[in-house]
Every structure is written in structure tokens, then in C-alpha cells.
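Residue-level structural notes
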Amino acid sequence: MSNDESAVGPDGDDLVAETASLLETFGLTSYEAKCFVALVRIGHGTAREIAEVADVPRPRVYDSVESLADRGLADVQDAQPRRFRAPDPRDAVETIRREYGQRLDRLEGLLPRLQSPEPRDERAGVWVVEGDEAVSDRLAALAADADDELLVVVAVESLLTDEVRDALAAATDRGVEITVGSPSPAVREAVTDAVPGASVVETWTWWETHPIRAGEISSILMADGRELIVSSDLETDLPGVDRHSAVWTDDERAPLVGLMQPLLAEAIRSGPSAHGSA
């Protein structure tokens, strides 16, 4: 087994464990994964040799390797004693890739057939996302959906991620009219730099302090008057640690959209232009 020891190096145990664990995610049992890794390490061998390397009971080696052979992941030699051989690692990966590609193709054909030919009427839904990253991702996604107009308020710079800025810049390239308001000079300056085609205004100046206090609105985005997200800054159980939570909808029938549309338009558009003065 000296050859086996040198094959994996000083971090061999970690390498073996990680490889076996990954193989299990592709549908191999624990014993099958261990036997396959052992076969790759020694190249070929008897059930006794595989059992020693894989730390698998010898009786379980036979059914495990036969199962691997059925999947094209092992060769069996009819000899006394029987010997087993591993495929080339690249061939093994391609076998697994092909198998799962076929399963995904089959799933792609089955799922649409499960849908009702006459979809149920869906009530206007308002959904919830939690956490700064989730809120920013949803801001970027709704901005990417806009065709005509985006009304945006961002009160805290942490929500104005690169993805949000890129989505706003791409929207201007599509000819979308964008108005961005913020009480934060840093946010207004960042938007002006990243999205030169946007109208940037100072808004919500009735706040006494900045950044916002826990519980206050931290961002709003409305796309084409029909898709909306509203986030707020919430306290957590940890002292001094806040996180953003949001409600959003992509259905213009949602009452929240009808309520926020005139308020948002008035709040943003009534602010003085901030281009060049952030």
C-alpha cells in the first residue's frame, strides 16, 4: 500500500473524505463512494485490497463494486479471486456528467407536463425577503425587469451594491427613465457616477438624522408602476446590529402598489436636483 500512500500526499485523508462526500451527492451510497475512491487510488485490486483501503466490510465490497459496474464506474474481471478496476478519472467524470445530463433532460420534459393546462387564477401576492444581500438582489432583479420607468429611493449605501448599480446602468442603456432619490450624499454621488443617465435628487430630508434609525424605510423601488419593493431597517437580537427586510410584489393588482405609486412619485419628484451637488 505504499504506492497508495504516496498518491494522495500529506492531506490524503481530507482529499479522500471530500471526494467520497462529493460522490455521494451524485447518488452513490457511502460504501459505493468509498469503494470507488479506493479503486481510483489503487487502480485495480481484489475485494480484500479494496476493503482494506476503503475501510469497508469485505462482503459489502462485492455488491458496492457491482453497483458501480452497472453505472459504468468499475470493471469486473471474472477470475479467482475476482478483481476490480477503476476507469480513468476523466472517463468516470464524463460518465457521471452524461448520466445526470440525461436525468436533467428528462426532468425538463416532465415538469411542464405537471402544469395544469388552465393555470389557476393567482391572487395578487406580496412576498418577503430577509437580509441585506437578499434585499439588494431583489432591487437589482426588479430594476432589470423595467421597460419604461424606475422610481428608486435608497437611504443606505450598503444596499447600493455593484449589482444594483449595474442593473440601473443597464436600464438607462435600454432607454428606461430613472429617478433616484436619497437623503445620503454618498448614495447620490455613487448613483451619479455609476448611472449618469439617471435623474438624482435629494429626498426624505425631513429625517432628523442620517443614517436611518431602526424601523425606518431603507429603500423603495418601483418598476413601470407595477413592480415594487419596500425595505426597512430592523433591529436584531444582537446589540447594535441591524438588518434589512423587505416586502415586494411583481403584481400591479397588489394594493401596496396602488398605495405607494402616488406617494413615491411625489416624494421623489418633489426633491431638488442633486446632480453635481451631492
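Refer to the structure above for everything that follows.
Parameters at a glance
- Residues numbered from 1 in each chain as written.
- Predicted model: local features only at pLDDT ≥ 70, side-chain atom pairs only at ≥ 80, totals over all residues.
- Heavy atoms only, no water.
- Phe/Tyr/Trp six-rings, centres within 6.5 Å; stacked < 30°, edge-to-face > 60°.
- Helix = DSSP H or I, 4+ residues; strand = E, 2+ residues; numbered from the N terminus.
- Buried < 20%, exposed > 50% of the residue type's maximum accessible area, 1.4 Å probe, protein only.
- Lys NZ or Arg CZ within 6 Å of the ring centre and 35° of its normal.
- Axes fitted to C-alpha atoms, helices over the stretch in contact; angles between N-to-C directions.
- Parallel < 35°, antiparallel > 145°, perpendicular 65-115°, else oblique.
- Contact = heavy atoms within 4.5 Å.
- Nonpolar A, V, L, I, M, F, W, Y, C, P; charged D, E, K, R; others polar.

Under the definition given, this model contains two aromatic pairs. Plain terms: the ring middles of Phe26 and Tyr100 are 5.4 Å apart, the flat faces sit at 80° to each other, and that makes the pair edge-to-face. Taken together, the positions of Phe26 in the loop between helix H2 (12-25) and helix H3 (30-42) and Tyr100 in helix H6 (residues 89-114) put the pair 74 residues apart, joining distant regions of the chain. Among the residues examined, Phe26 registers a relative accessible area of 30% and is labelled partly exposed. Centre to centre, the rings of Tyr62 and Phe84 are 6.3 Å apart; their planes meet at 65°, and the pair counts as edge-to-face. Highlighted residues: Tyr62 in helix H5 (residues 58-70) and Phe84 in strand E3 (residues 83-85), separated in sequence by 22 residues. Assessed through its relative accessible area of 32%, Tyr62 is described here as partly exposed. Here the guanidinium or amino end of Arg103 rests over the ring plane of Tyr100, the centre of that ring lying 4.7 Å away. One residue, Arg138, lies across the ring of Trp248, its end atom 4.0 Å from the ring centre.

What follows covers the packing of helix H4 (residues 47-54) against H5. Relative to each other, H4 and H5 sit at 105°, their axes nearing to 9 Å. Our classification of the angle between H4 and H5 gives roughly perpendicular. Note on element contacts: H5 touches H4 through Arg58, Val61, Tyr62 and Val65, opposite Ala47, Arg48, Ile50 and Ala51. Each residue belonging to the contact of H4 with H5 can be placed in one class, and the counts come to six nonpolar, no polar and two charged.

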